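The chain contents come next:
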Amino acid sequence: MRISRAWTGAGRLRRAATAGALVVALFGVAACTGTAPGGPAAAGSAPASTGTPPTPADAAPTPASGSPAAQVPDVLRFTGTTLGGAAFDAARLAGKPVVLWFWAPWCATCASQAWTVAEIEPRYRDTVPIVGVAGLGERKAMKEFVTEFDLGATPQIEDTTGALWKRFKVTEQSIFVIIDRNGTVVHHGFLDGEALTAKVAALAGA
């Protein structure tokens, strides 16, 4: 009889411990799936998750966390909209060398450079971002150009009004504006595929 009571008491202790563990587990699940304070992230801002979510192809890369806004050089203080409809903020490129490629959809020279851009952009995306600035044409023609030359993975800002072309004093196509990591324009002019590749490689190794 004593053995039976002892066994019953031990069973009760095990059931109580199991119930307590379930309560702790449920609280843990609730904490992991809760919404971060402040609601959904605003368009163009980094998501609240601490993980590394996939980045849209036409979105600008995000700089290392902790880069203060005060370090954004004036040359990168501009925004726009990509041909894919995504918001673009050049401030996110601060701290990296940047290549701005000003092109037009009907330009034969731009077409020859497009193959080089499509080839090297994925290789240097994280170290020397290349951003296209499409102007002097209609949006439909610009999108067809991007598709034809496989430039969908490269951010392409739509600049049909010419605002960015004027900002960077670009008066003809095809022009590359290269900005070093300190925000200094180190090149403004034409580059063929070989020269572009060499300059980007040099910036990546600097």
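Everything below is about the structure printed above this text.
Residues numbered from 1 in each chain as written. Predicted model: local features only at pLDDT ≥ 70, side-chain atom pairs only at ≥ 80, totals over all residues. Heavy atoms only, no water.

Quick look at the pattern of salt bridges now. One pass over the structure, following the stated rule, counts 5 salt bridges. The closest approach of N and O atoms between Glu-121 and Arg-125, which form a salt bridge, is 2.7 Å. (Salt bridge = Lys/Arg side-chain N within 4 Å of Asp/Glu carboxyl O.)

We now examine the sheet that holds strand S7 (residues 185–189). The 5 strands lie next to each other as S5-S4-S3-S6-S7, forming an open sheet whose pairing is mixed. The open sheet has two free edges, formed respectively by strand S5 (156–158) and S7, since each of these has just one partner strand. Within this sheet the neighbouring strands show an average axis-to-axis angle of 15°, counted without direction. Across the sheet, helix H3 (residues 139–148) touches strand S3 (98–103), strand S4 (130–134) and S5, and the angle it forms with S3 is around 125°. (Pairing = 2+ DSSP bridges. Helix = DSSP H or I, 4+ residues; strand = E, 2+ residues; numbered from the N terminus. Axes fitted to C-alpha atoms, helices over the stretch in contact; angles between N-to-C directions. Contact = heavy atoms within 4.5 Å.)

Attention shifts here to the pairing of S4. Among the 5 residues that make up S4, 5 are buried, leaving the element largely enclosed by the rest of the structure. Judged from the 5 bridges that link them, S3 and S4 form a sheet pairing that is parallel. Looking across to S4, one finds that Leu-100 is bridged to Val-131. For the handedness criterion, the β-α-β arrangement of S3, helix H2 (residues 108–124) and S4 is classed as right-handed. Where S4 meets S5, 3 bridges bridge the pair, whose relative direction is parallel. Opposite Gly-132, over in S5, you have Gln-156 as the bridge partner. Taking the sense of rotation as the criterion, the β-α-β connection linking S4, H3 and S5 turns out right-handed. (Buried < 20%, exposed > 50% of the residue type's maximum accessible area, 1.4 Å probe, protein only. Right-handed = clockwise from strand over helix to strand, strands pointing away.)

In terms of burial, S3 is a largely internal element, 6 of the 6 residues being buried. Neither face of S3 is exposed, since Val-98, Leu-100 and Phe-102 on one face and Val-99, Trp-101 and Trp-103 on the opposite face are all buried. For S3 and strand S6 (residues 175–179), the ladder comprises 5 bridges, and the chain directions are antiparallel. Within the sheet, the bridge partner assigned to Val-99 lies in S6 and is Ile-178.

Okay, the nonpolar core next. Membership of the largest hydrophobic core comes to 27 residues, with the highest contact counts inside it found for Val-99, Trp-101, Trp-103, Phe-145, Leu-151 and Leu-196. Listing elements by their share of this core, those giving two or more residues are S3, H2, S4, H3, S6 and helix H5 (193–205). With 7 residues, the top contributor of residues to this core is H2. Ignoring anything within four residues of it in the chain, the contact list for Trp-103 reads Leu-83, Cys-110, Gly-132, Val-133, Ala-134, Gly-135, Met-142, Phe-145, Val-146, Gln-156, Trp-165 and Gln-173. Core analysis: the second largest hydrophobic core is formed by 21 residues, Val-72, Leu-76, Phe-88 and Leu-164 among them. (Core = buried A, V, L, I, M, F, W, Y, C linked by side-chain atoms within 4.5 Å.)

None of this, on its own, says anything about what the molecule does.
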